Amino acid sequence: MTLASIAVGGAVGSVLRYLIQEQCIQWWGTKFPFGTLLVNAVGSLLIGVLSIVLIERWVVADEIRIALFVGLLGGFTTFSAFSLETLYLIQQGSFLSATANIALNILLCIGACFLGMNLARSL
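Presented here is an overview of the structure given in this document. (Residues numbered from 1 in each chain as written. Predicted model: local features only at pLDDT ≥ 70, side-chain atom pairs only at ≥ 80, totals over all residues. Heavy atoms only, no water.)

Topic: the layout of surface pockets
- As a volume, the largest pocket reaches approximately 350 Å³.
- Together, 20 residues line the largest pocket, and I25, T30, F32, P33 and E85 are the ones closest to its centre.
- Secondary-structure elements contributing two or more residues to the lining of the largest pocket are α1 (2-28), α2 (34-57) and α4 (79-91).
- Top element by residues in the lining of the largest pocket is α1. It accounts for six residues.
- When its residues are assigned to classes, the lining of the largest pocket shows eleven nonpolar, six polar and three charged.
- Every residue lining the second largest pocket is listed: N40, S44, T77, T78, F79, F82, N105, I106, C109 and I110.
- Those elements that provide at least two residues to the lining of the second largest pocket are α2, α4 and α5 (95-122). (1 Å grid on protein atoms, 1.4 Å probe; cavity = no way out; pocket = protein on both sides within 12 Å on 5 of 7 lines; lining within 4 Å. Points joined across faces, edges and corners; volume = space filled by probe spheres on them. Helix = DSSP H or I, 4+ residues; strand = E, 2+ residues; numbered from the N terminus. Nonpolar A, V, L, I, M, F, W, Y, C, P; charged D, E, K, R; others polar.)

Here you go:
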């Protein structure tokens, strides 16, 4: 049952990632990977919130936590896409955009996780 939960969560997370990335392309184009940045930041915020709520606050079955953390958020966040898009920016000679992508993903995502944990603790 655990593998099925991970698979379902992963499918949902992957579809959500795709929809968000496509919407970001509609809004801002393809010059910068805003969709990946947004997905990584939102995923970091959610894992921050869920780590407090589902580990410190509520007692939930391991299967639910695994489905959400490994499945949903694992399918949703996009470190591999971030790596590929950054490499493409470097190969295109867009060193400033590549550097901005690295810095923003790291700073925004760690900050979002921190914010999520603090939001969950304050509730």
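Structural notes on the side chain of S5
- Counting through the fold element by element, S5 comes out in helix α1.
- Residue class for S5 comes out buried when judged on its relative accessible area of 15%.
- If we ignore the near neighbours within four places in the chain, the residues touching S5 are E63 and A67. (Buried < 20%, exposed > 50% of the residue type's maximum accessible area, 1.4 Å probe, protein only. Contact = heavy atoms within 4.5 Å.)

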